[in-house]
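# Fold and geometry: a report
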Amino acid sequence: MDSEEDMLDAHDMYSGEEDDFYSDDYKDSDDDDDDDGEPDYGFVEEDADDSAMIASHRSQKNFCVLKEEDILKHQMDAIERVSIVLSITEVEASVLLRYFHWSVGKVHDEWFADEERVRNTVGILERPVVAPSDDTELTCGICFDPYPPEKIASVSCGHPFCTTCWTGYISTTINDGPGCLMLRCPDPSCLAAVGHDMVDKLASEEDKEKYNRYFLRSYIEDNRKMKWCPAPGCEYAIDFVAGSGNYDVSCLCSFSFCWNCTEEAHRPVDCSTVSKWILKNSAESENMNWILANSKPCPRCKRPIEKNQGCMHMTCTPPCKYEFCWLCLGAWMDHGERTGGFYACNRYEVAKQEGQYDETERRREMAKNSLERYTHYYERWASNQTSRQKAMTDLQQLQTHNLEKLSDKQCTPESQLKFILEAWLQIIECRRVLKWTYAYGYYLPDHEHAKRQFFEYLQGEAESGLERLHQCVEKDLLQFLNAEGPSKDFNDFRTKLAGLTSVTKNYFENLVKALENGLADVDSHAACSSKSTSSKSTGCSSKTRGKGKGSSRTGGS
C-alpha cells in the first residue's frame, strides 16, 4: 500500500472512532440511505488487514463523504426518477428539480397537486407560444436580422433567436453566476425555462464547464442535509444524517468540522461557546485590556504610555514631551527628595490612603486580572493545538517511513503494529478535545465553585493520562526504532501502550460526557447530599421532640 492510501485508511478508522468516542447509541447510516438503495459513498478501499478494524466503525457513522462522481450519480438518479414518474423529458425534470431544490418528494407533491400551476411557474410549457413557421427565413428577436431556419433556435415557447445571439445571451448569464441555472427565454414577456440541452448545444466549452460546475454544486448547496467540506481546496461534500446528537464530521481530506457551525470539530463544547471564543481571540478587546492593565495616559495629551524602566520619571513622546510622575501622574517639577525621589512617591501613597485613586486602581487591577485569566486559558488552548498538529505530522511520518522500519527491525508484520496507529489517532483526538475544554473552562462561571472543581478534576485526570500516553508513543518507541535487532521488551511495550490508550480513552469519555451534560452530576450530587442532610436533621429533631414528650410524661407522673 502506498503512503497516501495508508493515510486515508488511518483517517477512515479515525473518523469512525471519533463518532463512537463519546456515546454508544449512534444510528447506522445504512438505515438512512435514500429509498433507491444507494451505497455509502466516500470510503477508500482498504487492505485486508485494515478492513475488519475499519468495518466495526463504519456502521456507527452518521454521515458519508461524497466525491464528485457520487454527486453526479445522485443527480442523474433523481432526474431519472422524476422523468419516469411524471412522464416528462430529463431536461424538464432537471429544471423542476433545480426549482424545488432537488427535492424529489416536493416535486411530486406540487406536480400532482396542480400540474398547470407548476408548469407556468417553472417555465415548462405544454405548447409553444409562437406557432412554428414554414418560412424560408425567420427574424431573430434580438438582432432582428433574417436567418434560415437552421440558424434559428428556440425553447418550448417557440420564440425565434439566432444561434449567435443565443450564445451571447447564455455566455453573459453564465458569467453572472449560478443564476444561470434558472435561465429563461430572452423574450422579456416569456417565462419559458432554458434547459441544459441549449447550453450543451450553443455555449462555448469554457461556458459549458462553468455551467456544469454550477449545476453540480447546486445539488449540495440547495440540499439542507448536505454541505461542502470547508477545508481550503477540498472538493468533497458531506451527506449528514440528523438525529444522533453528534455534529462532528470528518472529510476524506483529513479535515474535521462541526456540521452545525462549520467551524473545526469542537465537541464537547457547544457552537455558541466556540463562536464567542473565536471572536474573543480575533477581537481588539484583549489589546485594550493589555493597554489598560500595563499603561497609563499622559496627563497632558492622554496617549497611553508603557513604563519600561524602574524610574518613576516619565517623559511623553514628541511633540508632547510632558514630564510627569508614573505613580501620581503629577508634574515632575513638583517632585524631589521631599516627595520620595525617583523610585517612590509620597504624594501617591497619601492620596491612595485618602481614596483618591481607588476607582482608577480598581479598573486597572480588574483589567490585569482579566488579561491574566484569558492568557492562562488561551496559552493552553493554543499549546494543545500545536501538540495536535505535531502529532498529526508524527503519525504521517510513522505511516510513510517508521512503520515499515519498525516492522523490519522487530520482525513483526505491519498488521500487528496497528496498536501504534491507534495510539496516535487517540492522541490526535484527545488533543482536540482537551484544547476546547480550555475554552469551556474560560466561560464557566466563577461563582459555580463545585462545578469548576469537578471540571478541573476531570480535565486534570484526562490531561495526565494523555501526557503519559503521548510520552510513551513519542519517546519509548524510539528505542525500538533505533535498536539493532528484535527486542525482547517489545511485547511489554505493546501491552503498556495498548493499556495507556484504553485508559486515556476512558478518561476522555468521562470528561466529554460530563461536559455535554453540563456537569449535571455535581448538581445531582449536591441535591442528594442536601436531601440526605435534611432527612438526618428531621430525624434528629423528631427524636428530640419524642424524648421531650417522654420526659414530660415522666415528670407528670
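Refer to the preceding data block for the structure.
The notes below deal with the structure included here. Quantities reported herein were computed from a predicted structural model and do not represent experimental measurements.

### Let's talk about the environment of Arg380
The topology assignment puts Arg380 in helix α13 (residues 358-410). When its relative accessible area of 32% is taken as the criterion, Arg380 is described as partly exposed. When the C-alpha atoms of Arg380 and Thr437 are compared, they prove to be 9.7 Å apart, with 57 residues separating the residues in sequence.

### Thoughts on the sheet that holds strand β6 (residues 226-228)
With antiparallel pairing, the 3 strands of this open sheet are ordered in space as β1-β7-β6. Among the strands making up the open sheet, the edge pair consists of β1 (63-66) and β6. When strand polarity is set aside, the average angle formed by the axes of neighbouring strands in this sheet is 25°. Judged from the 3 bridges that link them, β6 and strand β7 (residues 237-240) form a sheet pairing that is antiparallel.

### Looking at the pairing of β1
The alternating pattern of β1 places Phe63 and Val65 and Cys64 and Leu66 on opposite faces, both of which are buried. In this structure, β1 lies alongside β7, joined through 4 bridges in antiparallel fashion. Paired with Phe63 across the two strands is Phe240, which belongs to β7.

### Digging into the pattern of salt bridges
One pass over the structure, following the stated rule, counts 22 salt bridges. Salt-bridge contacts for Glu264 lead to Lys435; the nearest nitrogen and oxygen are separated by 2.6 Å. Of this pair, Glu264 sits in the loop between β9 (256-258) and α10 (271-282) while Lys435 sits in helix α14 (residues 418-443); the two residues are 171 residues apart in sequence, bridging distant segments of the chain. For the salt bridge of Asp394 with Lys390, the shortest nitrogen-to-oxygen distance reads 2.9 Å. Of this pair, Asp394 and Lys390 both sit in helix α13, 4 residues apart, which is roughly one turn of that helix. Taking the relative accessible area as the measure of exposure, Asp394 reaches 18% and is therefore buried. Each of Lys106, Glu110, Asp114 and Arg117 takes part in one network of salt bridges that share partners.

### Side note on helix α16 (residues 490-516)
Because an α-helix completes one turn every 3.6 residues, residues spaced three or four positions apart along the sequence face the same direction. Taking 1.5 Å of rise per residue, the 27 residues of α16 would be expected to cover 39 Å, and the 39 Å separating its terminal C-alpha atoms lies within 8% of that figure. For α16, the full list of buried residues reads Phe490, Phe493, Leu497, Leu500, Thr501, Thr504, Phe508, Glu509, Leu511, Val512, Ala514 and Leu515. Among the residues trailing α16, Gly518 stands out with phi positive, at a value near 70°.

### As for the nonpolar core
In this structure, Leu96 and Trp166 are the most contacted members of the largest nonpolar core, which totals 52 residues. Ignoring any residue separated from it by four or fewer positions in sequence, one finds Leu96 in contact with Leu86, Ile88, Val107, Trp111, Val118, Val122 and Ile124. In this structure, Ile428, Leu469, Leu481 and Leu511 belong to the second largest nonpolar core, which totals 49 residues.

### Here's the deal with the packing of helix α3 (residues 68-86) against helix α4 (residues 90-99)
Where α3 meets α4, the axes come as close as 8 Å, and the angle between the chain directions of the two elements is 110°. The orientation of α3 with respect to α4, classified from their angle, is roughly perpendicular. In this structure, α3 crosses over α4, and the sense of that crossing is right-handed. Every residue of α4 that contacts α3 at Ala78, Ile79, Val82, Ser83 and Leu86 is listed here: Glu90, Ala93, Ser94, Leu96 and Leu97. Looking at the contact of α3 with α4 residue by residue, the class counts come to 7 nonpolar, 2 polar and 1 charged.

### Regarding α4
Among the 10 residues of α4, 7 are classified as buried, and the element is accordingly described as predominantly covered. Looking only at α4, the buried set comprises Glu92, Ala93, Ser94, Val95, Leu96, Leu97 and Arg98. Close packing links the buried residues of α4 with α3, α5 (104-113), α6 (115-122), α8 (196-202) and α9 (205-221). His101, located one to two residues past α4, shows a positive phi value of around 55°.

### Topic: the side chain of Lys208
Within the element layout of this structure, Lys208 appears in helix α9. In terms of polar contacts, Lys208 uses its side chain to reach the backbone carbonyl oxygen of Asp200, at 2.9 Å. Apart from residues no more than four positions distant in its own chain, Lys208 is found in contact with Val199, Asp200 and Ala203.

### Quick look at the side chain of Thr504
Within the fold, Thr504 resides in helix α16. Not counting residues up to four positions away in its chain, the partners in contact with Thr504 are Cys430, Gly465, Leu466 and Leu469.

About the thresholds
Residues numbered from 1 in each chain as written. Predicted model: local features only at pLDDT ≥ 70, side-chain atom pairs only at ≥ 80, totals over all residues. Heavy atoms only, no water. Helix = DSSP H or I, 4+ residues; strand = E, 2+ residues; numbered from the N terminus. Buried < 20%, exposed > 50% of the residue type's maximum accessible area, 1.4 Å probe, protein only. Pairing = 2+ DSSP bridges. Axes fitted to C-alpha atoms, helices over the stretch in contact; angles between N-to-C directions. Salt bridge = Lys/Arg side-chain N within 4 Å of Asp/Glu carboxyl O. Expected span 1.5 Å × (residues − 1). Core = buried A, V, L, I, M, F, W, Y, C linked by side-chain atoms within 4.5 Å. Contact = heavy atoms within 4.5 Å. Parallel < 35°, antiparallel > 145°, perpendicular 65-115°, else oblique. Left-handed = near helix turned anticlockwise from the far one by under 90°. Nonpolar A, V, L, I, M, F, W, Y, C, P; charged D, E, K, R; others polar. Polar contact = N/O pair within 3.5 Å; in protein donor to acceptor, adjacent residues only side chain to side chain.

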